[in-house]
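Listed below are the residues making up each chain.
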Amino acid sequence: FVLNKNYISNQHCLEDKEHYLEYLNTLPPVCDGFIYQHYCLGGGSGRQYFSDANGMKIDAIRQQINRWFSHHEISEGMYYFLLASLIESADKVANTASIYGAYLKHLKKSAQRELRLQPAHFEYDAGQHEVYHEDANVLIKKISGDILYLDPPYNERQYSANYHILNTIALYDHFIPRGKTGLRGDFNKSNYCRRNRVHRSFEALIKNAQFPYIFLSYNNEGLMHKEDVSAIMSRYGTYDLVTTEYKRFKADQTVSRNHKASCTTEYLHILKK
């Protein structure tokens, strides 16, 4: 949501954004912040998602961004620009193997570098763009347009847990981290990740969509088979299908799951409603 608010909603020049970044980069670290206390070794949690220095710096920057915004000293656009810059910069010094399901026992080389905010630059244009953050099946009844592109979760894995630290930096709320990896306790599993609910939810989405053209990105490992999708979409108009193959991501091949093929078939389901 934060990245979308910056890269999609922000369309006009933000004055003095480089000045704000430079100020944040010079802040002294704080040792009583949430990230340091719960996700760095020095905080006593036993977790090492960041070096102690970077954890304290993340907290200092995040707290200052909050102060500016709550005191109305920066605009909403500037708030999301600075927050997106922090999230992306923190990710570059995270002590993980790309996702946040676990941390590494020893600080890798990139995690030893000092965190420095880099600007999350966005494109300027004359368009008007809106970003929403709510249940798609609720939102679909409130919006309309020419083209609807859908890219829902396709299996039972909920991705929020894999990026929970970045979500925590974005929300910067207080909770009791769970387990060895410090997970958040508020993950709501999507109906699109539930085998017994996905078909009903998908049909309701298509039925209520006020768009003449609908595209769905899915693949052959999804909870819905291509025949299921075809049957549902065909009830509401003219249906077509385009397929292509991709070589499976190397790390993905090592994960124990039902699909062992070296390639994944990607589907683009097309409906003229």
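As a starting point, this report considers the structure included with it.

Cut-offs used in this document
- Residues numbered from 1 in each chain as written.
- Predicted model: local features only at pLDDT ≥ 70, side-chain atom pairs only at ≥ 80, totals over all residues.
- Heavy atoms only, no water.
- Helix = DSSP H or I, 4+ residues; strand = E, 2+ residues; numbered from the N terminus.
- Buried < 20%, exposed > 50% of the residue type's maximum accessible area, 1.4 Å probe, protein only.
- Core = buried A, V, L, I, M, F, W, Y, C linked by side-chain atoms within 4.5 Å.
- Contact = heavy atoms within 4.5 Å.
- Axes fitted to C-alpha atoms, helices over the stretch in contact; angles between N-to-C directions.
- Parallel < 35°, antiparallel > 145°, perpendicular 65-115°, else oblique.
- Nonpolar A, V, L, I, M, F, W, Y, C, P; charged D, E, K, R; others polar.
- Patch = residues over 30% accessible without salt bridge, like charges linked within 9 Å, V, L, I, M, F, W, Y side chains within 5 Å.
- Areas by Shrake-Rupley, 256 points an atom, 1.4 Å probe, with all protein chains shown as cover.
- Salt bridge = Lys/Arg side-chain N within 4 Å of Asp/Glu carboxyl O.
- Pairing = 2+ DSSP bridges.

## With respect to the overall build of the protein
Looking only at helices and strands, the protein features 10 helices and 4 strands. Listed by position from the N terminus, the elements making up the protein come as α-α-α-α-α-α-β-α-α-β-α-β-α-β. Once the C-alpha set of the protein is aligned to its principal axes, its extents read approximately 60 × 45 × 30 Å. Residues classed as buried in the protein amount to 41% of the 273 residues present.

## Digging into the nonpolar core
Core analysis: the biggest nonpolar cluster contains 44 residues, and L24, F50, I61, L82 and I169 have the highest contact counts within it. Listing elements by their share of this core, those giving two or more residues are α2 (17–25), α3 (34–39), α4 (52–70), α5 (76–92) and α7 (164–171). The dominant element in this core, judged by the number of residues it contributes, is α5, at 10 residues. With sequence-adjacent residues up to four places away left out, I169 is seen in contact with I35, F50, I58, R62, L83, L86, I87 and A90. Counting residues in each nonpolar core, the second largest holds 20 residues, with F211, I214, I232 and M233 among its members.

## Quick notes on the packing of α4 against α5
Two elements in contact, α4 and α5, have axes separated by 10 Å at closest approach and are oriented at 170°. In terms of orientation, α4 lies roughly antiparallel with respect to α5. Packed against α4, whose contacting residues are I58, I61, R62, I65, N66, W68 and F69, the element α5 presents E76, Y79, L82, L83, L86 and A90 at the interface. Each residue belonging to the contact of α4 with α5 can be placed in one class, and the counts come to 10 nonpolar, 1 polar and 2 charged.

## As for a nonpolar patch on the surface
Among the surface-exposed residues, L3, Y7 and I8 lie close enough to one another that they form a single nonpolar patch of about 220 Å² accessible area. Inspection of the secondary structure assignment puts Y7 in helix α1 (residues 2–9).

## Focus on the environment of T264
Within the secondary structure, T264 is located in strand β4 (residues 263–272). When sequence neighbours within four positions are dropped, the list of residues in contact with T264 reads N219, N220, E221, T244, E245, Y246 and R248.

## Side note on the sheet that holds β4
Spatial ordering of the open sheet is given by β1-β2-β4-β3, a layout of 4 strands whose pairing is mixed. Either end of the sheet is taken by a strand with one partner, and the two such strands are β1 (147–150) and β3 (238–247). Each neighbouring strand pair of the sheet contributes to a mean axis angle of 15°, computed without reference to strand direction. Bridge count between β1 and strand β2 (residues 213–219): 4 bridges; the pairing is parallel. Considered in β2, the bridge of I147 is made with Y213. Along the sheet, helix α9 (residues 226–234) contacts β2, β3 and β4; its crossing angle with β4, the most-contacted strand, is approximately 5°.

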